[in-house]
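Structural overview for review
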Amino acid sequence: MGPVRHIGVLTSGGDSPGMNAAIRAVVRTAAFRGIRVSGIIGGYDGLVNDHLRELGPRDVSNIIQRGGTILRSARSEAFRTAEGRTQAVATMARHGLDALVAIGGDGTFTGAKVLLDEHGCRVIGLPGTIDNDLAGTDRTIGFDTAVNTAVEAMDKIRDTASSHDRLFFVEVMGRDTGFIALASAIASGAEYVMLPELCQSIDQLVKELSQASRLKSSSIVVVAEGDEQGGAVAISEQVRKFLPDRDMRVTVLGHLQRGGSPTAMDRILASRLGSAAVEQLLAGEHGCMVGEVNGQVRTTSFAEAIGKRKSLQEDLIALVGILAT
Ligand code: F6P
């Protein structure tokens, strides 16, 4: 493989706050190293349909603070087909792209790995998802902002919950993992959290809520959207059968959690990892995701980043119950 002189950068899958900061870091580090960058518009679809635009350092001014992604994002159907991927590789060749930086979650890295396996393309990944569900990084870009958004909402819900002595079920995102749920439950002082990683029964939840109601007038139950008992609506309906006299409400936070200006923590993470992705490509690395582990930049193969399940912190799970006492 020849030297890296021209990099393509794309954002794919669900957007996350901090993606713009990552794009900026890729573009400016590349410029610092004398390398060209082209932004691919609309994720892998942009590669299939030849939708690119060259980006210089001034094209990424004033975006570090913006949520969403200036490159737009998509979950590409065309790229799932062998024909679509052949078109994508042809686009790379036509524009002289030597390597790609793919910013996204597990779907994005699955696509990157296929490009590598089928066509030998140089691709490096950046963990851009609010879900924090990738192995090989302690935090993903966007997770901290999403948690802060959820906590801000829960603080407001607490005000009205305690004014009316109500029980609230608040559903947060996270796909099939409970990282956002656990972090936001701790930070908002929730009484209970339902996590996909645990086998929690409705009986147990009802028992805990009944005990809590003797001490407290209001309670918040944070529900991870992927919980096996169902979402917040389904769980509240089951609980209502056991506690018919309890005044309860449901709030589904939804896509609110995906937007907004990234926190300083997400901006710093995105800047650090975006810059490291370019440096790693120049050092000959590819086929991996650049993450942060114990404060250090680390690379992890795509296979491991998407194949290995990252665990929730056990002590935090226990802490929700202890601090709800
Ligand atoms: O992966 C990010 C995420 O926001 C998940 O938390 C959620 O399950 C999913 O994307 C929602 O996807 P969509 O935007 O397609 O509804």
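Look above for the structure.
Now for a quick tour of the structure. (Residues numbered from 1 in each chain as written. Predicted model: local features only at pLDDT ≥ 70, side-chain atom pairs only at ≥ 80, totals over all residues. Heavy atoms only, no water.)

With that settled, the discussion passes to the pairing of strand β4 (residues 99-104). Within β4, six of the six residues are buried, which leaves the element mostly enclosed by the surrounding structure. Covered by surrounding structure in β4 are Ala99, Val101 and Ile103 together with Leu100, Ala102 and Gly104, the residues of both alternating faces. For strand β1 (residues 6-11) and β4, the ladder comprises five bridges, and the chain directions are parallel. If you follow Thr11 over to β4, its bridge partner there is Ile103. Across five bridges, β4 lies against strand β5 (residues 123-127) in parallel orientation. Bridge pairing in β5 links Ala102 to Gly125. Following the backbone out of β4, through helix α4 (residues 106-119) and into the adjacent parallel β5, one traces a crossover that is right-handed. (Buried < 20%, exposed > 50% of the residue type's maximum accessible area, 1.4 Å probe, protein only. Helix = DSSP H or I, 4+ residues; strand = E, 2+ residues; numbered from the N terminus. Pairing = 2+ DSSP bridges. Right-handed = clockwise from strand over helix to strand, strands pointing away.)

Opposite charge on two side chains lets them pair, provided their charged atoms get close. Applying the stated rule across the entire model yields 19 salt bridges. Here Asp15 makes a salt bridge to Arg258, at a shortest N to O gap of 2.7 Å. Within this pair, whereas Asp15 is found in the loop between β1 and α1 (19-32), its partner Arg258 is found in the loop between β9 (248-252) and α9 (264-282), the two being separated by 243 residues in sequence. We classify Asp15 as partly exposed; its relative accessible area is 22%. We note a salt bridge from Asp117 to Lys113, for which the minimum N-O separation is 2.8 Å. Separated by four residues within a single helix, Asp117 and Lys113 lie in helix α4, roughly one turn from each other. On the basis of relative accessible area, Asp117 is assigned to the exposed category, the value being 52%. For Lys113, a relative accessible area of 27% gives the class partly exposed. (Salt bridge = Lys/Arg side-chain N within 4 Å of Asp/Glu carboxyl O.)

Below, the discussion takes up the site of the ligand. What surrounds the ligand is the set Arg75, Ile130, Asp131, Met173, Gly174, Arg175, Glu225, His255 and Arg258. One of the backbone N or O atoms of Gly174 is found 3.1 Å from an oxygen atom in the ligand. Expressed as a share of its isolated accessible area of 400 Å², the protein-covered part of the ligand is 73%. Among the residues making up the shell around the ligand, the classes are represented as two nonpolar, two polar and five charged. (Near = heavy atom within 4 Å. Polar contact = N/O pair within 3.5 Å; in protein donor to acceptor, adjacent residues only side chain to side chain. Areas by Shrake-Rupley, 256 points an atom, 1.4 Å probe, with all protein chains shown as cover. Nonpolar A, V, L, I, M, F, W, Y, C, P; charged D, E, K, R; others polar.)

Here we take up the sheet that holds strand β7 (residues 192-194). The four strands lie next to each other as β7-β8-β6-β9, forming an open sheet whose pairing is parallel. In the strand order of this sheet, the two ends are held by β7 and β9, each with one partner. Pairwise comparison of adjacent strand axes, ignoring direction, gives a mean angle of 20 degrees for this sheet. Strand direction decides the pairing type here: strand β6 (residues 167-172) and strand β8 (residues 219-224), joined by six bridges, are parallel. The residue bridging Phe169 from the neighbouring strand is Val221, located in β8. In this fold helix α5 (residues 143-164) packs onto β6, β8 and β9, with an angle of close to 165 degrees to the strand it touches most, β6. (Axes fitted to C-alpha atoms, helices over the stretch in contact; angles between N-to-C directions. Contact = heavy atoms within 4.5 Å.)

Here we come to α4. Look at α4: 19 Å from first C-alpha to last across 14 residues, which is about the 20 Å you get at 1.5 Å a residue. For α4, the complete set of buried residues consists of Thr108, Phe109, Gly111, Ala112 and Leu115. Projected down its long axis, α4 shows its buried positions confined to an angular sector of 155 degrees, all on one face. Among the structural elements, α2 (44-48), α3 (82-95), β4, β5, β10 (288-293) and α10 (302-307) are those in contact with the buried residues of α4. Downstream of α4 by a residue or two, Gly120 has a phi angle that is positive, lying close to 65 degrees. (Expected span 1.5 Å × (residues − 1). Arc of directions from axis to C-beta.)

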